[in-house]
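Per-entry structural report
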Amino acid sequence: MSRFRSLIQAAATLLTNIHLPNFFKGGIYQGKGKAVCVPGLNCYSCPAASGACPIGAFQAVVGSSKFAFSYYITGFLILLGVLLGRFICGFLCPFGWFQELLHKIPTKKISTKKLKGLTYIKYAVLLIMVVLLPALAVNDVGMGDPFFCKYLCPQGVLEGAIPLAAVDSGLRDALGALFSWKFGILIVTIVLSVLFYRPFCKWLCPLGAVYALMNHVSLFQMRVDRDTCVSCGACRNACPFGAIDERSNIIRVIREIQQGKQVIALVAPSIVGQYGLKITMAQIYEALQKAGFAEVVEVGVGADITSVKEAEEYLEKVPAKQGFMTSSCCPAFVKLIKTQVPEAADKISDTPSPMLTCAELIKEKYPYAVTVFIGPCISKKVEAREHRETINYVLTFEEIMCMLEGKDIKFAEMSGDTAYERDASKLGLSFPLTAGVSAAVQDTVAAMGGEVHNAQYCSGLDKCRDTVKAAAAGKLDCSYIEGMACSNGCIDGPAAVGDFHITKVALTKYAAAAPNKQAAEDKHTK
C-alpha cells in the first residue's frame, strides 16, 4: 500500500475538493455535501471543498448559543478513529500531503527525534482552542469564536482566504490584521515543512490529536509481524512520525548509577565520529565517567576475541563438516537466516557476538557489575534480553546523548586528557565497517595457518538473504559469509546519530592508529 500512498493522497485531496471550477468563480460550494464532514483537515471556506472540516464544524456547534455539545461530529470522529485511526493522517489529509510535498524540496533536513516533547502541544490545542475556549469564552448572546480556525489554522488561509481574495477585489480590500497574522503562520508552516517532516501535523493539529488517541483502539493498525521481524530497526527509521521505537533503558541505567552500583559502559567502536570529527574517544570516555559510569570498555576487545574464536571454529568446521559458515555478530542477520533461510541455520557461527564476549570478560572480572552496551543498534536490545545474565542493558547513541544532555554534560567541554587502554586491534575496531568482520576472520585464520576460500560480505537485509540463499543452494562458491542487516554496516545503524560517510573516515583513521594490528596481538585473546 505504501508504494501507492502518493496516489491515494492525491485522490483524497481531489475528492475532498472536487468543485474545482469554484476557484475561478470566487464562490464557496454550499450544497448538501457541506452537511457531511470530510476525514482530513480541509477548510470549509475552500471554494472547491466538497464537505465540512470536522474541527471547524465541532467548534461551530460548541460555540453556538443553541447547542452545548456536538454529538454528531464527536460520533463521526470516534467512528473514523476506530475504523482507520492515523491512517487518515497518513493517507487522506490534504494539508498533511501539502506539507509532505514541501518536504520534498531539496535542502538540508532536520530530524524531529529530539523534539518529541512538542507532540503533546496538539493535545493542548485540542482541549483549549477547540473545546474549552469556544464553549466558555462567549459574547453577550452566548456565542463563542472558533478559536483554532480563526487564530491558528493555516489551512484556512491557504485554501480559503488566498484563493477567494485572488478573484474578489472587495474581499482583498477587507483583509486586515487577522489575515496578516494567519498568513504569517502559513509562511512559518511552509518554511518548517521544508526542513521538518509534517511539523504542523506532529505538533499542532488537533484533528491529528483525536486520531492519535483513537489509534490505540483502531481496527486499522500497522502491526509488526513478530514471526518475520528481525529487529533491524528499519521500520523505526522509515516511520515519518516516529511512532515506532524500542523500549528505552535510560531510567533503569540512571537508577543503577544512583544506587551506587558498579555500572560499566561497553562502547561500540562505531561511536567514533558519531558526535563529530572533533570529538575524541578520550572526551567520550571522560563524559561517560562524569555521567556516573565506573569504567568504560572498548567493545573492539570483544571483537578481537570473537575473531580468534570464530577463526578456530571455521578451521574446525569448514570444509570438514560443512561447506560454509556465516558470521554471528549481527543479531538481525542471525534471525534473518533462522526465519527466512532456515536451511542455512546450521551454518551460523556459534561464536558469541563482540558485545556478549566483552560483557563476559567484564563479568569474569567484576561478577556484580552492571554491564551497559552503547551502540547504534536496535537488535542488540533484543540480543541483550536473551542474555540478561551477561549484558544487563543496551543504550543507543541517541539515548546516551539524551542522558548526557539531561546531566548538562557536553563532549566538546571535556578536557580530552582522560587516559584509557587501547588494547583493541585495528581489525577488531574495524568490525562496524562493511567487510570488517570477514577481513578480521580471514587474517586470523591465515595467522593460524589456514585459508578462507572466497569470503563474501553482504550488508542490507535483501542482499544478506539472497547471498545466504545462494550459498545454501550451492549456487555461490564461498566458505565464509559476513552479514550485516544495515546497508552500510554498523556505523549506519538505525540509532546512529552521525553521517556514516564521516563516521567511516573517522573510524578508519582511529583503527589505523591502534597499537595492535591483528586480533591475536590483543592481550585479552591470550
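Residues numbered from 1 in each chain as written. Predicted model: local features only at pLDDT ≥ 70, side-chain atom pairs only at ≥ 80, totals over all residues. Heavy atoms only, no water.

1. Topic: empty space enclosed by the protein
Scanning the entire structure with this criterion turns up two cavities of 30 Å³ or more. The space that makes up the largest cavity amounts to roughly 370 Å³. What lines the largest cavity is a set of 31 residues, and nearest its centre among them are Cys329, Phe373, Lys380, Pro432 and Cys490. For the lining of the largest cavity, the element with the most residues is strand β7 (residues 480-484), which contributes three residues. Partitioning the lining of the largest cavity into residue classes produces 22 nonpolar, seven polar and two charged. Taken as a whole, the second largest cavity encloses approximately 110 Å³ of empty space. Every residue lining the second largest cavity is counted, 16 residues in all, and those nearest its centre are Cys89, Cys93, Cys201, Cys205 and Gly208. When residues of the lining of the second largest cavity are traced back to their parent elements, those giving at least two are α5 (87-92), α6 (94-103), α12 (199-203) and α13 (206-214). Ranked by residues supplied to the lining of the second largest cavity, first place goes to α13 with three residues. In terms of residue class, the lining of the second largest cavity is built from eleven nonpolar, three polar and two charged. (1 Å grid on protein atoms, 1.4 Å probe; cavity = no way out; pocket = protein on both sides within 12 Å on 5 of 7 lines; lining within 4 Å. Points joined across faces, edges and corners; volume = space filled by probe spheres on them. Helix = DSSP H or I, 4+ residues; strand = E, 2+ residues; numbered from the N terminus. Nonpolar A, V, L, I, M, F, W, Y, C, P; charged D, E, K, R; others polar.)

2. A look at the pattern of salt bridges
A pair can form between side chains of opposite charge whenever their charged atoms are brought close. Under the defined criterion, the tally for this structure stands at 14 salt bridges. In this structure, the salt-bridge partner of Lys380 is Glu383, at a minimum N-O distance of 2.9 Å. Of this pair, Lys380 and Glu383 both sit in helix α20 (residues 379-386), separated by three residues, roughly a single helical turn. Pair check on accessibility: Lys380 and Glu383 agree, each one buried. Close ionic contact of Asp462 with Arg465 constitutes a salt bridge, the shortest N to O distance being 2.5 Å. One end of the pair is Asp462 and the other is Arg465, both in helix α24 (residues 461-472) and three residues apart, which spans about a single turn. Judged by relative accessible area, which is 18%, Arg465 ranks as buried. Salt bridges here are not isolated pairs; linked through shared partners, they connect Arg5, Glu100 and Arg198. (Salt bridge = Lys/Arg side-chain N within 4 Å of Asp/Glu carboxyl O. Buried < 20%, exposed > 50% of the residue type's maximum accessible area, 1.4 Å probe, protein only.)

3. Description of the packing of aromatic side chains
Taken as a whole, this structure holds 13 aromatic pairs when the rule is applied. Where Phe95 meets Phe200, the ring centres are 5.4 Å apart and the plane angle is 85°; that geometry is what we call edge-to-face. Pair noted here: Phe95 is in helix α6 and Phe200 is in helix α12, with a separation of 105 residues, a long-range link. For Phe200, a relative accessible area of 3% translates into the label buried. (Phe/Tyr/Trp six-rings, centres within 6.5 Å; stacked < 30°, edge-to-face > 60°.)

4. As for helix α7 (residues 121-136)
When we look at burial in α7, the residues that qualify are Lys122, Val125, Leu126, Met129, Val130 and Pro134. Packed against the buried residues of α7 are α3 (54-62), α8 (147-151), α12 and α13. (Contact = heavy atoms within 4.5 Å.)

5. Concerning the sheet that holds strand β5 (residues 393-396)
Pairing between sheet strands relies on hydrogen bonds along the backbone, with the strands arranged either parallel or antiparallel. Spatial strand order, β2-β1-β4-β5: four strands in an open sheet with parallel pairing. Single-partner strands in this sheet number two, and they are β2 (295-298) and β5. Each strand of the sheet is rotated relative to its neighbour by a mean of 25°, with strand direction disregarded. Sheet analysis places strand β4 (residues 370-375) next to β5, joined by four bridges and oriented parallel. (Pairing = 2+ DSSP bridges. Axes fitted to C-alpha atoms, helices over the stretch in contact; angles between N-to-C directions.)

6. Comments concerning the nonpolar core
Ranked by internal contacts, the top residues of the largest apolar core, which has 42 residues, are Tyr275, Leu288, Phe293, Val372 and Ile400. Of all the secondary-structure elements, those providing two or more residues to this core are α15 (250-258), β1 (263-267), α16 (281-290), β4, β5, α21 (397-406) and α25 (500-512). If near-sequence neighbours (up to four positions away) are discounted, Val372 is found in contact with Val253, Val263, Ile264, Ala265, Leu266, Phe293, Ile391, Tyr393 and Leu395. Core analysis: the second largest hydrophobic core is formed by 36 residues, Ala52, Cys93, Val125 and Leu126 among them. (Core = buried A, V, L, I, M, F, W, Y, C linked by side-chain atoms within 4.5 Å.)

That is the geometry; function is a separate question.
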